[in-house]
Each structure stands twice: as structure tokens, then as C-alpha cells.
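Remarks on the overall topology
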Amino acid sequence: MVEINVADPTLAAADVAMEKREAERLPRGYVGMSSIGDCPRKTAYRHSLVGADPFNAQTLKNFADGHRTEELIIQRLRLSGATVMDRDPETGRQIEVLDHDGHFAGHLDGEIFGLLQAPKAEHVLEIKCVSDKRFAAFQKLKEKVGEKETLAAWSDTYYAQHQLYMLYRGRKRGYMVVASAGGRQWDSCRTEFHRANAEWYVERARQIIYERDRLPDRISESSSFWQCRWCEFSGVCHDGAAPKRNCRSCVWAKPVADGAWQCQRHDEILPYSKQVEGCDDQRYRPALVGGDVMDVDDLKNRVTYRLADESVWVDRGEIKNESISIE
């Protein structure tokens, strides 16, 4: 007899509940140092809240497994005799670093003192839980290029994060532990601080936050590029999907001091929940519309575009076209 696999309704319900809870959470409101090494266009879209599907249950499980593995790794590191500071003693929360008036932020896994291979150096600490395949790639690179060059060769994203944490914490060394799921395998690399590289990422963040009249370059012009295929913003970036309407994608909103946003049309500081919701006066930032501005009428709150296909579209604060190609 052929066995028929029937989905477990209890587990399926738990998956649905996880996804629902995730969908109800507000997205991150700042440019994260953990993602500034990603595709700059992707980072700009995330910061502008232009639209991405919530994480599915499998991805949420992966995140949870990563968090548990981080806690396990810290416990193990302490067994070596090293001192790990994974909380700010003043706040009891993760160590936070900020720049660009609070619009650029990072949260360290910790700092470590007393590594046996470098007992006098203070290191920023990052822990990454990865797949077995990616773990093997890390070890292969380490053997090929040497420990100090491994991180830069392995991951632009993690390298940028590490450099920025060293910059803002005044450290000259970084220590990264890479582990497979559950911490069954682990390895590490140390990375030296390079100020010029760190400051380059600081400038990238500044442009994304404050230069609202343009979008940074894509990592690739091809939607079939491997990073673009898996990107949550591929629809907006490559396929012409219309960005979500909210305050972050609106021409009237601008970032101000203390990580806040101000609406210039209504002259008010916008709480984050309102930024996500937007209002009926929302009008796209021209950078998010793939066309040339033909006319602007601030009194009627309208802007007229000639789109790439030569058609004319008037942004009245409502989506008339289901697709708006992005240049």
C-alpha cells in the first residue's frame, strides 16, 4: 500500500500563526549596519518601505535557530576563559552604535576580551549561523586566502558590518565565529580594521538616507542575477511593480534629527506607525517613478510624468497604473 503523506494541521496552524505575527510587526525604521553591505538599491528600498512580503514560516524558523545558536556560542566562548560582553551594562540591551542623526544603527552581538591567540586585543564579536554549504565555503576560503582576509572574501555584508562596528566602538580587531545550525560545527576568523573601508560604508548610508532625489545603483541590471532572483524587492526593482504608498516613499517626508521624520506638507513630526500607514496626500518621490517630470503643481499636489513607454501619468496620490517601471 502506498503511504499518503498528510500535512499535520497543528504544525500548519503554528506556521500560519507565526507568519501572521510577523506580518503585524512594524519593519525596521533605520538603515541597518548589518545590511549596508548588501545591494545599495535593496537597502534604499527597505529604508523607503516600498514593499516586501513578510518572511515566511521557514525563514522565521531559520532566524530563531540563528538566535539560539548565537546564545550557545557565547556560552561556549566563556568556557575558554575569554570575557564576552553581550549587553550594554547601562541599558541591559545589545550594544548599540548610531550615526546620521540616529537614522543609521547597528547592534553588536558583543565584544570579546582575552582570546588565546590575541590576549591583549579587544575585539568586536559577531556570530553567524549558516548552512552547511556556506560553512564549508567559509573554511575553504580561510585555507585559501588566510584568516585575516577571509571575511572580506566570504561576505561583503558581514565585512561591512564588522568594519562599522570596529569604527564606532574604537576597536582595531574583529572576531567572527561562524557556526552551522545548532552550533554543531564552528570556525572563526579575525579581521583588521580599515578606516577607509568603514568610512566608505558610512558615506553609502548617508546617501541612501538623505539623497532622496535619486536611487543608488542596483547590484545587477539583470533580474536573473542570483541575488536579484531571491530579493524581496525584485518586483519593484526589475518588474515594474508599483512601490507602496507611505510617508517614506513620499516626496513630502524627510529625515530629521534624532532618527525622526517630518512631513513638510502637514508640518508635523511623524510617529513611525504613521510613516508606515501614510495619508491621502502621499505623492511619490520622483526617484521611485521611472519617468521624466513634466509638471509639478504643489497646490493641487500633483506631478505629471512622461513614462519610459512615452505615456503620460499624473500622480494624484493614488495608483492609476498597476505597474510603474523604475529606472
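Before reading on, note that the structure itself is shown above.
The text that follows walks through the structure, step by step, so that each part is easy to find. (Residues numbered from 1 in each chain as written. Predicted model: local features only at pLDDT ≥ 70, side-chain atom pairs only at ≥ 80, totals over all residues. Heavy atoms only, no water.)

**Digging into helix H1 (residues 9-23)**
The end-to-end C-alpha separation of H1 is 21 Å, in line with the 21 Å expected for 15 residues at 1.5 Å each. Two or three places before Thr-10, at the opening of H1, Asp-8 has a side-chain oxygen 2.8 Å from that residue's backbone nitrogen. (Helix = DSSP H or I, 4+ residues; strand = E, 2+ residues; numbered from the N terminus. Expected span 1.5 Å × (residues − 1). Polar contact = N/O pair within 3.5 Å; in protein donor to acceptor, adjacent residues only side chain to side chain.)

**Details of the sheet that holds strand S6 (residues 118-130)**
Remark on secondary structure: sheet strands pair via backbone hydrogen bonds, oriented parallel or antiparallel. Spatially, S2-S5-S6-S7-S8 is the arrangement adopted by the 5 strands of the open sheet, whose pairing is mixed. Each edge of the open sheet is held by one strand with a lone partner, namely strand S2 (83-85) and strand S8 (186-192). Averaged over all pairs of adjacent strands, the angle between strand axes in this sheet comes to 30°, irrespective of strand direction. The pairing of strand S7 (residues 173-180) with S8 spans 7 bridges and is antiparallel. Looking across to S8, one finds that Ala-179 is bridged to Trp-186. Against the sheet, helix H4 (residues 132-145) touches S6, S7 and S8, its axis set at about 50° to S8. Contacts between helix H6 (residues 156-169) and the sheet are confined to S2, strand S5 (110-115), S6, S7 and S8, with S6 contributing the most and set at about 145° to the helix. (Pairing = 2+ DSSP bridges. Axes fitted to C-alpha atoms, helices over the stretch in contact; angles between N-to-C directions. Contact = heavy atoms within 4.5 Å.)

**Here we look at the pairing of S5**
Alignment of S2 against S5, held across 3 bridges, turns out to be antiparallel. Looking at S5, one finds that Thr-83 is bridged to Phe-113. As defined by bridge partners, S5 adjoins S6 across 5 bridges and the pair is classed as antiparallel. In the strand pairing of S6, Leu-115 is matched with Ala-118. Hairpin connection of S5 to S6: 2 residues between the antiparallel strands.

**Looking at the packing of helix H5 (residues 147-154) against H6**
It is at 5 Å that the axes of H5 and H6 come closest, and there the two elements cross at 120°. It follows that H5 is oblique to H6 by the angle criterion. Packed against H5, whose contacting residues are Leu-151, Ala-152 and Trp-154, the element H6 presents Asp-156, Tyr-158, Tyr-159 and His-162 at the interface. Split by residue class, the contact of H5 with H6 holds 5 nonpolar, 1 polar and 1 charged. (Parallel < 35°, antiparallel > 145°, perpendicular 65-115°, else oblique. Nonpolar A, V, L, I, M, F, W, Y, C, P; charged D, E, K, R; others polar.)

**Regarding the packing of aromatic side chains**
This model, assessed by the stated rule, comprises 7 aromatic pairs. Here Trp-154 and Tyr-158 contribute two aromatic rings whose centre-to-centre distance is 5.5 Å and whose plane-to-plane angle is 45°, an arrangement assigned as tilted. Since its relative accessible area comes to 10%, Trp-154 is described here as buried. Classification of Tyr-158 by relative accessible area gives buried; the value is 17%. Between Phe-225 and Trp-226 the ring centres are 6.0 Å apart and the planes differ by 50°, which places this aromatic pair in the tilted class. Residue Phe-225 is classed as partly exposed on the basis of its relative accessible area of 27%. We classify Trp-226 as exposed; its relative accessible area is 54%. Through a chain of ring-to-ring contacts, three or more aromatic side chains come together here, namely Phe-138, Trp-154 and Tyr-158. Positioned over the ring face of Trp-186 is Arg-76, at 5.6 Å from the centre of the ring. (Phe/Tyr/Trp six-rings, centres within 6.5 Å; stacked < 30°, edge-to-face > 60°. Buried < 20%, exposed > 50% of the residue type's maximum accessible area, 1.4 Å probe, protein only. Lys NZ or Arg CZ within 6 Å of the ring centre and 35° of its normal.)

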